[in-house]
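Breakdown of the fold
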Amino acid sequence: MTQEMDLNQRFEAYIASDQKIEAKDWMPDAYRKTLIRQISQHAHSEIIGMQPEGNWITRAPSLKRKSILLAKVQDEAGHGLYLYSAAETLGISRDEMLNALHTGKSKYSSIFNYPTLAWADIGAIGWLVDGAAIMNQVPLCKCSYGPYARAMVRVCKEESFHQRQGFEIMLNLSNGKPEQKEMAQDALNRWWWPSLMMFGPNDASSKHSEQNMRWKIKRFSNDELRQRFVDMTVPQAELLGLTVPDPDLNWNEATGHYDFGPINWSEFEQVVAGNGPCNRERIETRVTAHENGAWVRDAAAAYAAKSAERAASQTSAA
Amino acid sequence: MADQEHEWILRLGDDALVLAQRLSEWCSHGPALEEDIALSNIALDLLGQARALLTLAGQREGLGRDEDALAYFRTDREFRNALLVELPNGDFGDTIVRQMLFDQFAVLRYEALASQTVDLELAAIAAKALKEVRYHAAHSAQWVVRLGDGTEESHRRVQESLNMLWPYTAELFEDDAVSKACNEAGVLPLNASFTARWTEQVRAILEEATLTCPESTALLTGGRSGRHTEHLSYMLAEMQVLQRTYPGAEW
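The following refers to the structure shown. Just so you know, these numbers come straight off a predicted model, no measurement behind them.

Points about the overall build of chain B
- For chain B, the count of helices and strands is ten helices and zero strands.
- Traced from its N-terminal end to its C-terminal end, chain B shows the element sequence α-α-α-α-α-α-α-α-α-α.
- Computed over the C-alpha atoms, the radius of gyration of chain B is 18 Å, within 12% of the 18 Å expected from 2.2 N^0.38 for a compact globule of 251 residues.
- With the C-alpha coordinates of chain B rotated into their principal frame, the extents come out at 55 × 40 × 30 Å.
- Across the 251 residues in chain B, those meeting the buried criterion constitute 59%.

Structure, rendered in structure tokens:
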């Protein structure tokens, strides 16, 4: 017991002095668990997020847009890979994590349970969803767990490129034909509020926040990050000539921030609980891909085993 | 010759574009995350090749059509790809066998194009593409071997894929007035001249994969002259929908 207390004190002091915790360092079980939860959810979000965007690859309106989108969705798959690898350093396997995703035990970002109904949604996702993700993720580059922090450095570089390409799509649409501008406005109307929900519940009702702040897994509160996002994005919407769908949105001279209207938390809870427009389809698509791929993965494993056997028998013969 | 040349480059470009479109349908449906990334990557390379080739084809044609005009505003009857690349993806075995059969051909064709000195622009595109398709060829051949020599189920499935796809391969080696004109101009040898090396290489892969090379001599053809399978028109309807709905819009 005392030994554990010493270890814990040392761990806390280490974190307090802004040093990184590495895979082989001692860490409290709760710290390990919370990181596994957060990193695997983050990886799942990247993988599920491929679906709504992938939905438009085959219909992208020019070959240039098609290659950019294909490259972007491929980046998301790459992020999923490094995040699964970062989580594996904490002693969980990719199979276990995927299983938790497929059975609904582990969550992913709720934003991906909304449908992409038009090409403009690809712009809105890059601009708003990736924009909100960057707000959340840049502070994670300094998170106390080394492998996660390092994975996030690369993820954030790519995400910031994604955000710019999304804005560029919106800019093209806004300067395009009236039907294109209308498409852009419609996408903003549908993605604005779900993007604000991406920062999570208000600080007063956030259940993981306090401990995570102390452990330097989290560095800013949900509400702080949401406010930063609104402050950054509203002028961009003005530049696009689009209207943010919030009648209460107002620049507040006194606070130096935008005031914005109340978020519909019951919608958020519904989507988190599995009742969003695409929850069922997203998981079904993922599970089907996994099941359809089982014979391929089995074949690869069987072939690898045979090859190893042949190599071993050749060595022993020699 | 100018007409024939434009027509010839379209064939190359359409092979790449149509296969890229098919492979991109795999995105988020792959058997493992690594393979999802690999298939997207191959699609991306092919799309890059298609863009360069269609741009060049449009320039040679001289009617002011760019890559998008050619990709989005031609009907299925105007596409010049081989039937093999437009076939639906099927399961992963079908996709990877189709890829192997095509990659082995693409390497030979680009090698020849990269080494000729009659059409330097085409040679430059081919030299870049050759590096890419060599990777694709290694990747698809490895998978065919793994699946053929993997489990009983994978062996059975991939043999079926091979039997189903084999009749579409002969089209790759057909010659007509266009390919003959290109040969005479010194841009590219006749398609038939690739048959022996292709057959030798494919047979070597199939042998390592413990698969049986089909004996079928059936010949399903028509793509080069715009007579396609039922599948291409659906593919184009999906691919072209936004351009056709909002003609003249910039994206």
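Having seen it, we continue.
As for the interface of chain B and chain A
- The interface of chain B with chain A comprises 50 residues on the first partner and 45 residues on the second.
- Roughly 4000 Å² is buried in total at the junction of chain B and chain A, and carbon and sulfur atoms are behind 67% of that figure.
- Where chain B packs against chain A, one counts three salt bridges.
- Between D149(B) and R310(A) there is a salt bridge whose closest N-O contact spans 2.6 Å.
- Remark: the boundary between chain B and chain A carries 18 residue pairs in polar contact (both at pLDDT 80 or more).
- Secondary-structure elements contributing two or more residues to the side of chain B that touches chain A are helix 1 (2–24), helix 2 (33–61), helix 3 (67–72), helix 5 (92–115), helix 6 (120–148), helix 7 (152–165) and helix 10 (231–245) of chain B.
- Among the elements that line the side of chain B that touches chain A, the one with the most residues is helix 2 of chain B, at eleven residues.

Quick notes on the packing of aromatic side chains
- According to the stated counting rule, one finds 16 aromatic pairs over all chains in the structure shown.
- An angle of 35° between the planes, with centres 5.6 Å apart, marks the rings of W166(B) and W198(B) as tilted. One end of the pair, W166(B), is in the loop between helix 7 and helix 8 (177–185); the other, W198(B), is in helix 9 (residues 195–208), and 32 residues separate them in sequence. The burial state of W166(B) is the same as that of W198(B); both residues are buried.
- Each residue in the set F105(B), W166(B), F173(B), F194(B) and W198(B) is aromatic and connected to the rest through ring pairs, giving one cluster.
- Positioned above the aromatic ring of F220(A), the side-chain terminus of R228(A) is 4.2 Å from the ring centre.

Some points on the nonpolar core
- Core analysis: the biggest nonpolar cluster contains 174 residues, and Y31(A), W119(A), Y145(A), W192(A) and L101(B) have the highest contact counts within it.
- Among all residues touching Y145(A), those that are not within four sequence positions of it are K20(A), I21(A), E22(A), A23(A), M27(A), Y31(A), L35(A), I39(A), A86(A), T89(A) and L90(A).

What to know about the layout of surface pockets
- A volume near 340 Å³ is recorded for the second largest pocket.
- Taken together, 22 residues form the lining of the second largest pocket, with R94(A), P31(B), A32(B), L33(B) and E34(B) sitting closest to its centre.
- Elements that contribute at least two residues to the lining of the second largest pocket include exactly helix 2 (29–54), helix 4 (94–102), helix 11 (279–292) and helix 12 (294–317) of chain A together with helix 2 of chain B.
- The element best represented in the lining of the second largest pocket is helix 2 of chain B, accounting for four residues.
- Grouping the constituent residues of the lining of the second largest pocket by class yields ten nonpolar, five polar and seven charged.

A few points about empty space enclosed by the protein
Residues and elements named next belong to chain B.
- Tallied over the full model, the rule gives one cavity of 30 Å³ or more.
- By volume, the largest cavity amounts to about 30 Å³.
- Residue lining of the largest cavity: W8, R11, F105, R109, N191 and R224, and that is the complete set.
- Counting residues per element, the ones that place at least two in the lining of the largest cavity are helix 1 and helix 5.
- Residue composition of the lining of the largest cavity, grouped by class: two nonpolar, one polar and three charged.

Brief notes about the environment of A129(B)
Residue and element names in this part refer to chain B.
- Locating A129 in the fold gives a position in helix 6.
- Taking relative accessible area as the criterion, A129 reaches 1% and is therefore assigned buried.
- Distance from A129 to A52, taken between C-alpha atoms, is 9.9 Å for residues 77 residues apart in sequence.

Things to note about the pattern of salt bridges
All names here are of chain A.
- What the rule picks out here adds up to 33 salt bridges over all chains.
- The salt bridge involving R150 is made with E22; its shortest N-O contact spans 2.8 Å. Of the two residues, R150 is situated in helix 6 (residues 146–174) and E22 in the loop between helix 1 (2–16) and helix 2; the sequence distance between them amounts to 128 residues.
- Within the structure, one salt-bridge network assembled from shared partners comprises E53, K72, E76 and D130.

Some details on the side chain of Q116(B)
All names here are of chain B.
- Structurally, the position occupied by Q116 is in the loop between helix 5 and helix 6.
- In this structure the side chain of Q116 is engaged in a polar contact, spanning 2.9 Å, whose partner is the backbone nitrogen of V118.
- Of the polar contacts made by the side chain of Q116, one reaches the backbone nitrogen of D119; its length is 2.8 Å.
- Apart from the residues lying within four places of it in its own chain, the contact partners of Q116 are L122, A123, G186 and V187.

What counts and what doesn't
- Residues numbered from 1 in each chain as written.
- Chains lettered and ligands numbered in written order.
- Predicted model: local features only at pLDDT ≥ 70, side-chain atom pairs only at ≥ 80, totals over all residues.
- Heavy atoms only, no water.
- Helix = DSSP H or I, 4+ residues; strand = E, 2+ residues; numbered from the N terminus.
- Rg over C-alpha atoms; globule rule 2.2 N^0.38 Å.
- Buried < 20%, exposed > 50% of the residue type's maximum accessible area, 1.4 Å probe, protein only.
- Contact = heavy atoms within 4.5 Å.
- Buried area = accessible area lost by both parts, 1.4 Å probe.
- Salt bridge = Lys/Arg side-chain N within 4 Å of Asp/Glu carboxyl O.
- Polar contact = N/O pair within 3.5 Å; in protein donor to acceptor, adjacent residues only side chain to side chain.
- Phe/Tyr/Trp six-rings, centres within 6.5 Å; stacked < 30°, edge-to-face > 60°.
- Lys NZ or Arg CZ within 6 Å of the ring centre and 35° of its normal.
- Core = buried A, V, L, I, M, F, W, Y, C linked by side-chain atoms within 4.5 Å.
- 1 Å grid on protein atoms, 1.4 Å probe; cavity = no way out; pocket = protein on both sides within 12 Å on 5 of 7 lines; lining within 4 Å.
- Points joined across faces, edges and corners; volume = space filled by probe spheres on them.
- Nonpolar A, V, L, I, M, F, W, Y, C, P; charged D, E, K, R; others polar.

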